[in-house]
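For reference, the chains in residue letters:
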Amino acid sequence: MSTKLAWIDEELKNLKEAGLYNTIRTLGSAQGAWLVVDGKRALNFCSNNYLGLANHPRLLQAARQAMEKYGLGPAAVRSIAGTMDLHLELEERLARFKGVQGSITFQSGFTANLATIPALVGKDDAIISDELNHASIIDGSRLSGAKIIRYAHCDVGDLRRVLQEQRANYPRAMVITDGVFSMDGDIAPLDQIYQVTQEFEVILMVDDAHGEGVLGHGGRGIVDHFGLHGKVDVEIGTLSKAFGVVGGVVAGNPVVVEWLRQRGRPFLFSSAMTVPDVAACVAALDVLEESTELVDKLWSNARYFKSEMQKMGFDTGLSSTPITPVMLGEAPLAQEFSRELFEQGVFAMSIGFPTVPRGKARIRVMISAAHETPDLDHGLQAFRTVGKKLGVIAG
Ligand SMILES: *Cc1c(COP(=O)(O)O)cnc(C)c1O
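Residues numbered from 1 in each chain as written. Predicted model: local features only at pLDDT ≥ 70, side-chain atom pairs only at ≥ 80, totals over all residues. Heavy atoms only, no water.

**Details of helix α14 (residues 331–343)**
Helix length check: α14, at 13 residues, gives a terminal C-alpha distance of 19 Å against a target of 18 Å (1.5 Å per residue), a fit within 8%. Listing the buried residues of α14 in full gives Ala-334, Phe-337, Ser-338, Glu-340, Leu-341 and Phe-342. Note on α14: the residue one or two positions beyond its end, Gly-345, has a positive phi of about 80°. (Helix = DSSP H or I, 4+ residues; strand = E, 2+ residues; numbered from the N terminus. Expected span 1.5 Å × (residues − 1). Buried < 20%, exposed > 50% of the residue type's maximum accessible area, 1.4 Å probe, protein only.)

In structure tokens, the structure reads:
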């Protein structure tokens, strides 16, 4: 037998020995406050289903209705076989929701980044990137061939220093930042970043994956949160988190959107979102535009959970969003904590190196509008029990 793939077995063994092997749990239910995880009912503290839209009756109904008319798949790329009016409707609605002039959808937030970054900068140019940016920004940046210069996390002073030293060396430059950083739940200082990009004539791109449906009036996102309408050149979003479906979106300057229709490679060479996805996202916009109820509930749930955790003596880190890190220190403790929580009927994942720095392992609790107060109380009780048992809080 050939041994040309034997290195993979070796690498997999190394991952297991280092405690870095990913074991993926199997879900036997729809997303919601409670899940069936590996056959067991558990409270869901893991998903990005911020507003509970992933199994919302209005979205399901819209998906079913659209399938009656349009079927399932788009059957080819839009630039060759034409585009369904449904996709255009979603793009118009997304642009209106965000208060910008144009938007274009992609198969995912990940592909939106892979499409956008190489379309805007190339090998002679520079990308100035927050050191904690998402993997899809890093990959899109590499694909562009541009020089990648990192600045210290959310540090506008350091961003300014980089631009002072390097801006003149490149014809085009683009600053890219996550809007909300998913591991700590902190928000990029986009208003100050915008000021700096103005001074140095650089393109500004924000990836608002965790801010969409969460920040701003009725979930309109980070640009709305800071009142920067029309000022941010490129806003990337995902339809897989708060929107509860799947897909990616680029919103902002209409010239950028038009350029992506001509030069965004995942637009030109990969098929579009499917019919039920698109229809469900339009329905998600209906829900969001009719009322801020779900967004308000998300935030009140998050405030309640965080303050009760802090009262018990847990360190919930630097988050200013519904993402609630519970800081534990070393990875083995975080892993044990997660296992014990699961025994208590709570599904919450531990996150360790290399996703977060060494010594900063944590349980990340994702709060949702799908949770009711008794659900949160169940989760709090489990944290109290396990926290005392493992000596994290005073018993
Ligand atoms: C989740 C996430 C993505 C990827 O979004 P998908 O739609 O799931 O591909 C991209 N960027 C950031 C910052 C994210 O958090």
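Further notes follow.
**Focus on the site of the ligand**
Around the ligand lies a shell of 13 residues, among which Gly-109, Phe-110, Asp-207, Thr-238 and Lys-241 are the nearest. One nitrogen or oxygen atom from the main chain of Gly-109 is found 2.7 Å from an oxygen atom belonging to the ligand. Burial of the ligand by the surrounding chains reaches 85%, relative to a free accessible area of 380 Å². For the shell around the ligand, the per-class residue count stands at two nonpolar, eight polar and three charged. (Near = heavy atom within 4 Å. Polar contact = N/O pair within 3.5 Å; in protein donor to acceptor, adjacent residues only side chain to side chain. Areas by Shrake-Rupley, 256 points an atom, 1.4 Å probe, with all protein chains shown as cover. Nonpolar A, V, L, I, M, F, W, Y, C, P; charged D, E, K, R; others polar.)

**Details of the domain arrangement of the protein chain**
One can read the domain layout of the protein chain as domain 1 (22–50 + 292–389) and domain 2 (57–290). Summarising the inter-unit geometry, the C-alpha centres of domain 1 and domain 2 are found 27 Å apart. The interface of domain 1 with domain 2 comprises 21 residues on the first partner and 19 residues on the second. Approximately 1500 Å² of surface area, both sides summed, lies buried where domain 1 meets domain 2, with 65% of it carried by carbon and sulfur atoms. A salt bridge links Asp-184 to Arg-362; the nearest nitrogen and oxygen atoms lie 2.8 Å apart. Applying the counting rule to domain 1 against domain 2 returns eight residue pairs in polar contact (both at pLDDT 80 or more). (Domains from an automatic or database assignment. Contact = heavy atoms within 4.5 Å. Buried area = accessible area lost by both parts, 1.4 Å probe. Salt bridge = Lys/Arg side-chain N within 4 Å of Asp/Glu carboxyl O.)

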